[in-house]
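# Observations on the three-dimensional arrangement
The lines below spell out each chain.
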Amino acid sequence: MVTIDNLYFNYSKHVVFNDVSLKLEAGKIYGLLGQNGVGKTTLLKIMCGLLKAKSGKCNVNGYTPYLREPGFLGELFYIPEDFIGPDLAVNKFARLRGEFYPNYDHNKFCRLMTEFEVNGNSKFTKLSFGQQKKAIIAFAISTNTKLILMDEPSNGLDIPSKAQLRRVISQTSTDDSCIVISTHQVRDLENLIDPIIILDKNGVLLNASIDEISEKLCFEFSPSITEKAIYSEQTLGGYINVCRNETSRECKVNIEALFNSVHQNRELIKDIFKK
Amino acid sequence: MEFNEHKPIYLQISDTICDSVLTGEWKEEERIPSVREYGGILGVNPNTIMRTYDHLQDAQIIYIKRGVGYFVNSGAKDKIISIQREQFIEEEVPKIKRRLELLGLKAIDIF
Amino acid sequence: MKEFFDINRFFKLVQKESSERFHMMLKVAAIFAALLTGYWLSLIVFGSDESTAAASSRASFIFFSAMLSMLIAPFNLYKSYNHRKGGIDYVLLPASVTEKYLSMLINCVILLPLLTFCSVLLVDTAITTITPDIFNGFAISSLNLGEKFAKGYVEALIMQLGFIYCNLLFRKYKVTKTLLSTIGLYIFFAMITVFLITVVFKDDFQMMNDMNVNIRIDKISDISNIKEFENFSSLFKTLYYTSQIFFYGLLPAWFIFGSYHRMKTIQY
């Protein structure tokens, strides 16, 4: 669905992507992780045509995003990190805007608004930040576009809202849609995102499904640091040790520990996951 | 639903489903939620639920009726009990034995 | 999906944009109507028994309101189009740039001025009905929608295209930068004109002076109305026609293509 080849992008002197290649497939919920400033938002913006790749190719759904063709735009929705709604009632906004998306379902929108507990008759400007976010997420999902890009969707949401968000995203995912969620609040979305993409300032460090990760790495909880550990992290009651999975045992992938181990052992991890 | 740090998620969810069958919450020959429905209830990636259901199908605890959905197999309760008994004997009993030894206790003292 | 222009989608877009902006347009129209009302009240409060406002001057005010509302329309209605965060909504809306630009034109050039025009006219008619002695005659009957109006509208339209372009071009301090650019351009062209008249076309200018004819030139385009126009040097005529093509052809074309290009390629 999304193919990125040899992407180069910079902001004045700051190079964000240098020869980055990436493939995203339909039917998946991708988690896009990376430290602040590494380029997660930039990547999402390049995918939806808000920014132009300086060199290299970006192909989404068979289109070149930067050309901003209506056919392309009708199959994609981008939810920015800080969305500020217009001075308009949410329902009215949805009805007017939904006309432009061929698969928009207004009933679904109303159901989601009810599930999110946001009043559709109030204006965006009268809603809190979290509620505005939930409203636009409800709208985005109701457009039934093939690609949904979310930039830090759980930011600013209270705890019950985060659970609502998880349930809603899970229900949304279909075999021909692709959802990309950029986040650094890993715990909010832990069991939802699969595959995991980790970016750093040099490009894509990792792009693998949870199954692949648990095949190659082991995340063990033990009272002390294991010798063979690639990375260890102290936690309540002991240590989480990340080692190569030599016994093909299955254990739960701890995404936070994965993130830290990837950053501390770039070359090793790249080697382990080389295809 | 709380997920712990150790077992893969799909196995934890399997355990939850097995518990539901044992308690009678999910009855035999009755339809259970679809992959998407269940994922939506838990807020978990549908692929994970798919893995769970595959695992349960392999263990013959559930079966799929094409075009209708997933159902709890008849005799699932008994299967679960036997699987969990095996697990208990092979995994948990050795742990208890080791703890008893470490603490210098004998089984008679406890049971 | 038709990529370049789809009439259904275009209508939906116009409907959406005017619906979203209706309150803002109403506010602008209300301000001009309020100005007229305020003037009427000031005549009542501060004026003498004979103070009146002629219908023709009020008609001019009505045209003036419509023109002014048209000129500020882009900054008022489409302020956030090129805003780094607020503009994302516009750019990602599934419609072609052609449709978006035309919808913007319709809202700025037709809908808002029309609304302002009608509102102020309505208020004027109402006031004249209430106090016919203060507001003499209905402004409606004084409205001269003739050639003069058409020419004025065309020039305001060209300025409007320029303002739309500037609204898209500048991200901060839009109005200030636009005004400064307009003044700058005006001074620039005035200097060129003065230079041409006093240096290059000294002879022609001398001839104009010798003609002893009362020439009334409101705009550069009126030069061609002078009876003795044929006597001017061909160079002068060439330059004159060039300037006409420039101001009435090239400049608006530049504004239109510039705006289109900016909308197509602006990055967020």
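The paragraphs below set out a description of the structure included in this document. (Residues numbered from 1 in each chain as written. Chains lettered and ligands numbered in written order. Predicted model: local features only at pLDDT ≥ 70, side-chain atom pairs only at ≥ 80, totals over all residues. Heavy atoms only, no water.)

## Structural notes on the overall build of chain A
As a reminder, the rule being used: A helix here means a DSSP run of H or I that spans at least four residues, while a strand means a run of E at least two residues long, and both kinds are numbered starting from the N terminus. Only protein chains enter the accessibility calculation, which uses a 1.4 Å probe; a residue is then buried when its area is under 20% of its type maximum, exposed when over 50%, and partly exposed in between. Contacts between residues were defined by any pair of non-hydrogen atoms, one from each residue, lying within 4.5 Å. Residue burial considers only the protein chains on display, and all accessible areas are found by Shrake-Rupley using a 1.4 Å probe.
Within chain A one finds nine helices and 12 strands. Taking the principal axes of the C-alpha coordinates as reference, chain A spans close to 60 × 45 × 35 Å. A total of 275 residues make up chain A; the buried ones form 58% of that total. Taking all contacts inside chain A whose residues are at least 6 apart in sequence as the whole, residues at least 24 apart take part in 67%. Carbon and sulfur atoms provide 46% of the accessible area of chain A, an area that totals close to 11,600 Å².

## Looking at the interface of chain C and chain A
Put simply, the rule is: By convention, the term buried area covers the 1.4 Å-probe accessible surface removed from two parts as they join, with the contributions of both added. Put simply, a salt bridge is a Lys or Arg side-chain nitrogen that is within 4 Å of an Asp or Glu carboxyl oxygen. Whenever a nitrogen or oxygen atom comes within 3.5 Å of another N or O atom, the pair is scored as a polar contact, on the condition that within protein one atom can donate a hydrogen and the other can accept it, and that pairs from neighbouring residues in sequence are kept only if both atoms are in side chains.
Across the contact, 25 residues belong to chain C and 27 residues belong to chain A. Across the interface of chain C and chain A, roughly 2,500 Å² is buried in total on both sides, 60% from carbon and sulfur atoms. Where chain C meets chain A, there are three salt bridges. Note that A:R97 is salt-bridged to C:D89, the shortest N-O span being 2.9 Å. If you look at where chain C meets chain A, you find 11 residue pairs in polar contact (both at pLDDT 80 or more). Breaking the side of chain C that touches chain A down by element, the ones donating at least two residues are α1 (7-46), α3 (88-92) and α9 (234-265) of chain C. The greatest single-element share of the side of chain C that touches chain A, amounting to six residues, is contributed by α1(C).

## Quick look at the interface of chain B and chain A
In many reports, interface size means the accessible area that the parts give up when they come together. So the rule is basically this: Three classes are used: nonpolar for Ala, Val, Leu, Ile, Met, Phe, Trp, Tyr, Cys and Pro, charged for Asp, Glu, Lys and Arg, and polar for all others, with Gly counted as polar.
Each partner contributes residues to the interface: chain B has 22 residues there, and chain A has 20 residues. In this assembly, chain B packs against chain A so that about 1,600 Å² is buried in total across both faces, 44% of it on carbon and sulfur atoms. Remark: the boundary between chain B and chain A carries two salt bridges. As a salt-bridge pair, B:R36 and A:D175 come within 3.7 Å of each other at their nearest N and O atoms. Applying the counting rule to chain B against chain A returns eight residue pairs in polar contact (both at pLDDT 80 or more). Going through the elements one at a time, α1 (9-23), α2 (35-42) and α3 (46-58) of chain B are the ones with two or more residues in the side of chain B that touches chain A. The dominant element in the side of chain B that touches chain A, judged by the number of residues it contributes, is α2(B), at five residues. Residues belonging to the side of chain B that touches chain A are distributed by class as follows: nine nonpolar, nine polar and four charged.

## A word on the packing of aromatic side chains
Under the convention used in this document: Put simply, two rings from Phe, Tyr or Trp (the six-membered ring, in Trp's case) pair if the centres are within 6.5 Å, and we call them stacked under 30 degrees between planes, edge-to-face over 60, tilted for the rest. Comment: the charge-over-ring label is applied if NZ (Lys) or CZ (Arg) is within 6 Å of the ring centre and within 35 degrees of the ring normal.
Summed over all chains, the structure comprises 26 aromatic pairs over all chains. With a centroid separation of 5.1 Å and 85° between ring planes, the pair formed by A:F93 and A:F124 is classed as edge-to-face. Placement of A:F93 in helix α3 (residues 90-98) and of A:F124 in the loop between α4 (106-116) and α5 (129-142) is noted, with a sequence separation of 31 residues between them. Per residue, the accessibility class of A:F93 equals that of A:F124, and both read buried. Ring centres of A:F109 and A:F139 lie 6.2 Å apart, and the angle between their planes is 80°; this geometry places the pair in the edge-to-face category. Taken together, the positions of A:F109 in helix α4 and A:F139 in helix α5 put the pair 30 residues apart, joining distant regions of the chain. Each residue in the set A:F77, A:F83, A:F93, A:Y101, A:Y104, A:F109, A:F124 and A:F139 is aromatic and connected to the rest through ring pairs, giving one cluster. Geometry around A:F9 places A:K54 over its ring, the cationic atom sitting 5.3 Å from the centre. We note C:R21 situated over the ring of C:Y78; from NZ or CZ to the ring centre the distance is 4.2 Å.

## Describing the pattern of salt bridges
Taken as a whole and assessed by the stated rule, the structure comprises 18 salt bridges over all chains. Connected through salt bridges with shared partners, the residues C:K16, C:E20 and C:R21 form a single ionic network.

## Regarding unusual backbone geometry
Residue and element names in this part refer to chain A. With omega at 15°, the peptide bond leading from D194 into P195 counts as cis. One non-glycine residue, N61, lies in the positive phi region at around 55°. Here N61 lies in the loop between β4 (55-60) and α2 (70-73). One non-glycine residue, N144, adopts positive backbone phi at about 50°. Its place among the elements puts N144 in the loop between α5 and β6 (147-151).

Interpretation note: all reported values are geometric properties and have no functional meaning in isolation.
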